[in-house]
Amino acid sequence: MTRLRTTAVHGGREDLADLGVHALPLDLSTTYPVPDQAAGGRALQDLAEGAARAESPVYARLHNPTVARFEQALAALEGTAAAVAFGSGMAAVTAVVQAACVLAGKPHVVAVRPLYGGTDHLLSSGLLGVRTTYATADRVADAITPDTGLVVVETPANPNLDLLDVAAVVARAGTVPVVVDNTFATPVLQNPAALGAAYVLHSATKYLGGHGDVLGGVVACAEERAAELRRIRIVTGAVLHPLGGYLLHRGLATLPLRVEAAQRTAVELARRLAGHPGVGLVRHPSLPGGDPAGLVGTQMGGPGAVLAFTTREDPAAVVARLGLITPAVSLGSVDTLVEHPAALTHRLVPGAEREASGVPGDLLRLSAGLEDVEDLWADLDRALSGACERHYIKPSSSGERALVQTG
Ligand SMILES: *Cc1c(COP(=O)(O)O)cnc(C)c1O
């Protein structure tokens, strides 16, 4: 076992020298020649039953070598036997619910809010035929019934940076598998499988890709659970495109450096925002009160690079004055992104329930990028102070870009 930064660079690349290549091979085949059709049939059977690989990939919905390399590298970073990649984070959440609830015949989920708005809506809507009971982290055991197939948690939670004790939730869940959405922490800061989580899930779209140009999801888990997820992925078709697998694998090499740098910036921005007269509350695990259970330094290697805050003024007005920081959903990119959860990512969560889970209607979420912290602060300070000296390029309704004054 190598250390984190080494594993990030070398994971899933062990055989490249033997192949005589340096960069990751990208296999875009949708189908593979099977001159021996009986052998092809055996390979198809193996893959359909959940095998990690077979004599031939047969067809790209069944297996792809480029994606399999990324999965191997991510599993090494999470310290699990296997990982299974999907076309998006939501496809990954869906597959975990299908495996743990639908396949297992246990159509009840216990979930701790807040959760990413899409996950919350998926669990609340009944779209997958499961019922969900929301509980606080300390009441998970009370909410579990004989029908409960899965406990769903996020830490740090999207969007308010609530932390929860994974080992304690796993203990309260008893024999019920726990999925931890590790998107915000990344394997750089936290490995939930080591704390007993059955499934560790990532929206790979965020930090793993890291450049805002690939949509993907991945679940790290034991081989037996991975086999079920592969079986599901084959028939639901929720596959990751091989180019996505290539880009995500490439992104892993710089993941530790990106997360460490963005985290330093987030700590500094959180500290300065907390002292700004235009700001109400600031949520970041680095701040006093941001980590009441003392999980940073134990469960988590650091406070992470996402923070949230409220503004004295209308948050929409503050966002509209930003010039450098990109007003957009998503997070974990090289550039700093800010968004208004109640309006966007958490729009489908009923307002009263959102408020009750600690996400005020005026909260803004900021994902620190890799820019110079002084430039970011200048932008935030100016926007919060009601001044605007910059021109911000706003897409017009026709899709063309016009220069507009936003002050
Ligand atoms: C974005 C996000 C998701 C959903 O991922 P997609 O790749 O957008 O489908 C799930 N969980 C968390 C915590 C997220 O931030």
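Positions within a chain are numbered from 1, following the residues in the order the chain's sequence is written. For this predicted model, a pLDDT threshold of at least 70 governs which residues receive local features, and a threshold of 80 or more governs which side-chain atom pairs are given and counted, while totals over whole chains, interfaces and linings are taken from all residues. As a rule here, side-chain values come from all non-hydrogen atoms in the structure, and water together with hydrogens is ignored.

1. A few points about the overall build of the protein
1) Next: Helix and strand assignments follow DSSP, with helices taken as H or I runs no shorter than four residues and strands as E runs no shorter than two, numbered in order from the N terminus. Per the secondary structure count, the protein includes 14 helices and 14 strands.
2) Next: Only C-alpha atoms enter the radius of gyration; for comparison, a globular chain is expected to reach 2.2 Å times N to the power 0.38, where N is the number of residues. For 407 residues, the compact-globule estimate of 2.2 N^0.38 gives 22 Å, and the protein sits close to it at 22 Å.
3) Next: Once the C-alpha set of the protein is aligned to its principal axes, its extents read approximately 70 × 50 × 45 Å.
4) Next: Per-residue accessibility, obtained with a 1.4 Å probe over protein chains only, is compared with the maximum for each type, and a residue is labelled buried under 20%, exposed over 50%, and partly exposed between these values. For the protein, the proportion of its 407 residues judged to be buried stands at 53%.
5) Next: By definition in these notes, contact holds between two residues if any of their heavy atoms fall within 4.5 Å. For the protein, contacts bridging at least 24 residues in sequence account for 71% of all contacts bridging at least 6.
6) Next: A positive count includes Lys and Arg, and a negative count includes Asp and Glu. His and the chain ends are not counted in either. Throughout, a charge is located at the NZ atom of Lys, the CZ atom of Arg, the CG atom of Asp or the CD atom of Glu. For the protein, the distance from the average site of its 32 positive side-chain charges to the average site of its 40 negative ones is 1 Å.

2. As for a negative patch on the surface
1) Next: Each patch is built from salt-bridge-free residues with over 30% relative accessible area, joining like charges within 9 Å and nonpolar side chains (Val, Leu, Ile, Met, Phe, Trp, Tyr) within 5 Å. For the accessible areas, the method is Shrake-Rupley and the probe is 1.4 Å, while residue cover comes only from the protein chains on display. What counts as a salt bridge is simple: a side-chain nitrogen of Lys or Arg found within 4 Å of a carboxyl oxygen of Asp or Glu. Negative charge collects at one region of the surface, where Asp36, Asp46, Glu49 and Glu55 lie side by side.
2) Next: With respect to the helices and strands, Glu55 occurs in the loop between α3 (37-48) and α4 (65-78).
3) Next: Assessed through its relative accessible area of 70%, Glu55 is described here as exposed.

3. Some thoughts on the pattern of salt bridges
1) Next: Throughout the structure, instances matching the rule amount to 15 salt bridges.
2) Next: Across the pair Glu268 and Arg271 runs a salt bridge whose closest N-O atoms are separated by 2.8 Å. Here the residue Glu268 and the residue Arg271 both occupy positions in helix α11 (residues 242-274), the gap between them amounting to three residues, near one helical turn.
3) Next: Residues joined by salt bridges that share partners form a network here, namely Glu268, Arg271, Arg272 and Glu374.

4. Section: the site of the ligand
1) Next: Taken together, 14 residues are adjacent to the ligand, and Met90, Asp181, Ser203, Thr205 and Lys206 come closest.
2) Next: Pairing of N or O atoms within 3.5 Å defines a polar contact, subject to two protein rules: one partner must be a possible hydrogen donor and the other a possible acceptor, and residues neighboring in sequence count only if both atoms are side-chain atoms. Between the ligand and the protein, one listed contact pairs an oxygen atom with a side-chain N or O atom of Asn158 at 3.1 Å.
3) Next: In the environment of the ligand, an oxygen atom lies 2.7 Å from a nitrogen or oxygen atom belonging to the side chain of Thr205.
4) Next: Burial of the ligand by the surrounding chains reaches 92%, relative to a free accessible area of 380 Å².
5) Next: When the residues that make up the shell around the ligand are grouped by side-chain class, the tally is four nonpolar, seven polar and three charged. The criterion for a residue being near a molecule or strand is simple. One of its heavy atoms has to lie within 4 Å of it. Throughout, the ten residues Ala, Val, Leu, Ile, Met, Phe, Trp, Tyr, Cys and Pro are labelled nonpolar, Asp, Glu, Lys and Arg are labelled charged, and all others, Gly among them, are labelled polar.

5. Notes on the sheet that holds strand β12 (residues 364-367)
1) Next: DSSP calls a pair of strands paired once it identifies at least 2 bridges connecting them. Taken in spatial order, the five strands make up an open sheet running β8-β9-β12-β11-β10, and their pairing is mixed. Both edges of this open sheet fall to β8 (279-283) and β10 (326-327), since each of them pairs with a single strand only.
2) Next: Here three bridges tie strand β11 (residues 337-339) to β12, and the two strands are oriented antiparallel to one another. Each residue of the ladder has a partner; that of Val338, found in β12, is Leu366.
3) Next: With respect to the sheet, α11 is in contact with β8, β9 (306-311) and β12, its orientation differing from that of β9 by roughly 15 degrees. Orientation is described by axes fitted as lines to C-alpha atoms, over the contacting stretch for helices, and by angles from 0 to 180 degrees between their N-to-C directions.

6. Structural notes on the domain arrangement of the protein
1) Next: Domain limits in this description derive from either an automatic procedure or a database domain assignment. When the domains of the protein are assigned, the result is domain 1 (4-253) and domain 2 (256-392).
2) Next: The centre of domain 1, based on its C-alpha atoms, is set 27 Å off from the matching centre of domain 2.
3) Next: At the interface, 41 residues of domain 1 touch 38 residues of domain 2.
4) Next: Buried area: the accessible surface (1.4 Å probe) lost by two parts on joining, summed over both. Across the domain 1/domain 2 interface, buried area totals approximately 3100 Å², and carbon plus sulfur atoms make up 62% of it.
5) Next: In this structure, the connection of domain 1 to domain 2 is made through three salt bridges.

7. Things to note about the pairing of strand β7 (residues 217-221)
1) Next: For β7, a buried count of five out of five residues is recorded, marking the element as mostly surrounded by other parts of the structure.
2) Next: Here β7 shows no split at all, with Gly217, Val219 and Cys221 on one side and Val218 and Ala220 on the other all buried.
3) Next: Two elements, strand β1 (residues 82-86) and β7, share five bridges in a ladder whose sense is antiparallel. Residue pairing for β7: Ala85 is matched across the bridge by Val218.
4) Next: As defined by bridge partners, strand β6 (residues 199-203) adjoins β7 across five bridges and the pair is classed as antiparallel. Pairing of His202 across the sheet is with Val218, part of β7.

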